[in-house]
Amino acid sequence: MKIQVIGGSFGGLTAAFELKRHLGKKHEISLVCDQDHFVFIPSLPWLCMGWVKEKDLVLDLKKILESKGIKFIHSEAKNIDPEKRIVSTSDGELAYDYLVIATGAALNFDAVPGLNPKDGFTYSIFMLEYAVEANKAWERFLKDPGPVVIGAPQGASCFGPAYELAFMIDTELRRRKMRHSVPITFVTSEPYLSHMGIGGVGKSRRAIEDSFQERDIKSITNAEIKEITKEEIRLKDGIILKHEFSMIVPPFRGVDAIINSPGLGNPKGFVPADEFYRHPKYPEIFTVGVAMALAPPESTPVPTGVPKTGFMTEHMAKIAAKNIVASIKGEGLETHSLDVFCVLDEGNKATFMYASPTLPPRNKVFLREMKLAHYFKKLFERYFLWKMRYGLTRFP
Ligand SMILES: Cc1cc2nc3c(=O)[nH]c(=O)nc-3n(C[C@H](O)[C@H](O)[C@H](O)COP(=O)(O)OP(=O)(O)OC[C@H]3O[C@@H](n4cnc5c(N)ncnc54)[C@H](O)[C@@H]3O)c2cc1C
């Protein structure tokens, strides 16, 4: 059997290593990715602050995959023909018996005029190269500070990194005794602080509101951003925020490869899946991580989306890989509770958040702010990269 994985990040890499571990040499596993390296994305806010180096966050995909006997194809998937079971790439066609889609999302910088970091008005931490530029801008900002705006506009779904960056900026400015000269505003489409697109996590609303108050971070919720210019962030209700340094989360849409594959994704380009991560119409196609369609738990006055964390993605990929193995062997499929676990880093402390299931009403919720959690997050980065370097996805 030929098993094709698309995407070389949390979802794709985990699925490929797990498939290899379960199936050995009997079946052919290959991974196609438009990038030749894996990036530990959760540390990009640290990279922006200059607390970690770019080279310490990347792994060479060819090296780590081929040492485990998984073929690596450095190419962009252009579209998928689910009837013929073919992935067309920029370098030719790839046939498959089973397919894992782990393409994440495209960053929709067109959602707000001036949002694209290439315009030079605002910075991003959503891709390695953007985070490198954001760090250069941050270094310049420290020499000539002014107002900071961090936020997430209408349609955003990945709110966590924005909160982290706002807290980290506050921490770093206090360390440098510069905080008094920098007003920080957090502007978000969420109906309340730390809603995060999932109705909050336990008492997270009160916890984040308290932290913002203690740290003098002003907030505007239910916000829609109309336009970003070099000097101003203009909201739809007329509020104008001056900014010298800003990072605004881009809304996500599905990648072109899915949008260009009629019948595969929803109108936004995300791929539907059942509780086994199988496509409802094409059971040989599995989808994990950010590429998967997941409906919000409630509608919010200003539209928000549901985030999918690295932890969730890894878990989805393990279950999807098991289910492909079970399908090949003619065994029963497995499902699980889609939980969320994340560490929201503040630069000098961090908050553990756990919710089971991700969307309310829930069976379990855990939320605790701890100094040690900040160091745990750093340790986790090193552990995760070590685990991926050797394909040891069997470990948690
Ligand atoms: C700044 C930031 C901080 C975060 N912090 C945390 C955190 O602290 N904890 C946490 O749990 N999660 C965090 N997340 C979320 C986490 O990064 C994502 O959940 C995770 O990256 C999702 O993995 P994925 O494999 O689904 O998609 P992605 O990581 O988006 O990877 C998609 C992969 O597919 C490839 N690809 C895309 N299109 C194609 C194509 N057409 N052909 C071939 N390859 C393609 C891409 O190059 C990439 O390798 C953070 C996210 C961001 C942006």
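Residues numbered from 1 in each chain as written. Predicted model: local features only at pLDDT ≥ 70, side-chain atom pairs only at ≥ 80, totals over all residues. Heavy atoms only, no water.

Caption draft 1: Fine view of the packing of aromatic side chains. Within the structure shown, the criterion is met by 25 aromatic pairs. Summarising the aromatic geometry, the rings of Y163 and F186 are spaced 4.4 Å apart at their centres and angled 35° between planes, so their arrangement reads as tilted. Remark: F186 occurs in strand β12 (residues 184–188) and Y163 occurs in helix α5 (residues 160–175); sequence separation between them is 23 residues. For Y163, a relative accessible area of 0% corresponds to the buried category. On the numbers, 5.9 Å between centres and 40° between planes, the contact of Y163 with F212 is tilted. With Y163 in helix α5 and F212 in helix α6 (residues 204–214), this pair connects stretches of sequence that are 49 residues apart. (Phe/Tyr/Trp six-rings, centres within 6.5 Å; stacked < 30°, edge-to-face > 60°. Helix = DSSP H or I, 4+ residues; strand = E, 2+ residues; numbered from the N terminus. Buried < 20%, exposed > 50% of the residue type's maximum accessible area, 1.4 Å probe, protein only.)

Caption draft 2: A look at the pattern of salt bridges. Evaluation of the coordinates by the stated rule reveals 25 salt bridges. K62 is the partner of E66 in a salt bridge, and the nearest nitrogen-oxygen pair spans 3.2 Å. Pair noted here: E66 and K62 are both in helix α3 (residues 61–66), with a separation of four residues, about one helical turn. Its salt-bridge partner being E334, residue K322 comes within 3.6 Å of it at the nearest N-O pair. With K322 in helix α8 (residues 310–329) and E334 in the loop between α8 and β20 (340–345), the pair connects residues that are twelve residues apart, well separated along the chain. Residue E334 is classed as partly exposed on the basis of its relative accessible area, which comes to 33%. (Salt bridge = Lys/Arg side-chain N within 4 Å of Asp/Glu carboxyl O.)

Caption draft 3: Molecular detail of the environment of K281. One can find K281 in the loop between α7 (256–259) and β19 (285–287). Judged by its relative accessible area of 55%, K281 is exposed.

Caption draft 4: Representation of the pairing of strand β21 (residues 350–356) within the structure. With six of seven residues buried, β21 is to be regarded as a mostly interior element. Where β20 meets β21, six bridges bridge the pair, whose relative direction is antiparallel. Directly across from L344, in β21, lies its bridge partner T351. If you look at the hairpin formed by β20 and β21, you'll find four residues sitting between the two strands, and G347 has a positive phi there, around 95°. Looking at chain direction, β21 and strand β22 (residues 364–370) are connected through seven bridges and run antiparallel. When the sheet's bridge partners are listed, S356 is paired in β22 with K364. (Pairing = 2+ DSSP bridges.)

Caption draft 5: Representation of the sheet that holds strand β5 (residues 71–74) within the structure. Strand order in the open sheet formed by five strands is β5-β2-β1-β9-β19, and the pairing between neighbours is parallel. The outermost strands of the open sheet, each flanked by one partner alone, are β5 and β19. Each strand of the sheet is rotated relative to its neighbour by a mean of 20°, with strand direction disregarded. Pairing of strand β1 (residues 2–6) with strand β9 (residues 98–101) involves four bridges; the strand directions are parallel. Paired with I6 across the strands is I101, a residue of β9. Contacting β1, β2 (28–33) and β9, helix α1 (residues 10–23) crosses the sheet at an angle of about 170° to β2. (Axes fitted to C-alpha atoms, helices over the stretch in contact; angles between N-to-C directions. Contact = heavy atoms within 4.5 Å.)

Caption draft 6: A look at the domain arrangement of the protein chain. For the protein chain, the assigned domains are domain 1 (2–107 + 252–340) and domain 2 (110–251). One C-alpha centre belongs to domain 1, the other to domain 2, and the line joining them spans 29 Å. Opposite the 28 residues of domain 1 that make contact, domain 2 presents 36 residues. In this assembly, domain 1 packs against domain 2 so that about 2600 Å² is buried in total across both faces, 71% of it on carbon and sulfur atoms. Together, C48, M49 and F252 form the three largest contributors to the area buried by domain 1 at its contact with domain 2, with a combined 24%. Connecting domain 1 to domain 2 are zero salt bridges. Run the count over domain 1 and domain 2 and you get six residue pairs in polar contact (both at pLDDT 80 or more). Those elements giving two or more residues to the side of domain 1 that touches domain 2 turn out to be β3 (37–39), α2 (44–49), β10 (106–107) and β18 (252–253). (Domains from an automatic or database assignment. Buried area = accessible area lost by both parts, 1.4 Å probe. Polar contact = N/O pair within 3.5 Å; in protein donor to acceptor, adjacent residues only side chain to side chain.)

Caption draft 7: Broad picture of helix α4 (residues 128–143). Here α4 is 16 residues long and its end C-alpha atoms lie 24 Å apart, about the 22 Å a rise of 1.5 Å per residue gives. Taken as a whole, α4 has its buried residues at L128, Y130, A131, V132, A134, N135, A137, W138, F141 and L142. (Expected span 1.5 Å × (residues − 1).)

Caption draft 8: Seen up close, the site of the ligand. Taken together, 32 residues form the shell around the ligand, and within it S9, D34, K308, G310 and K377 come nearest. In the model, an oxygen atom of the ligand is placed 2.5 Å from a nitrogen or oxygen of the D34 side chain. One of the side-chain N or O atoms of K377 is found 2.5 Å from an oxygen atom in the ligand. For the ligand, whose accessible area on its own is 1000 Å², the fraction buried by protein is 88%. Elements with a minimum of two residues in the shell around the ligand: α1, β2 and α8. A total of three residues in the shell around the ligand trace back to one element, the largest contributor, which is α8. Split by residue class, the shell around the ligand holds 16 nonpolar, twelve polar and four charged. (Near = heavy atom within 4 Å. Areas by Shrake-Rupley, 256 points an atom, 1.4 Å probe, with all protein chains shown as cover. Nonpolar A, V, L, I, M, F, W, Y, C, P; charged D, E, K, R; others polar.)

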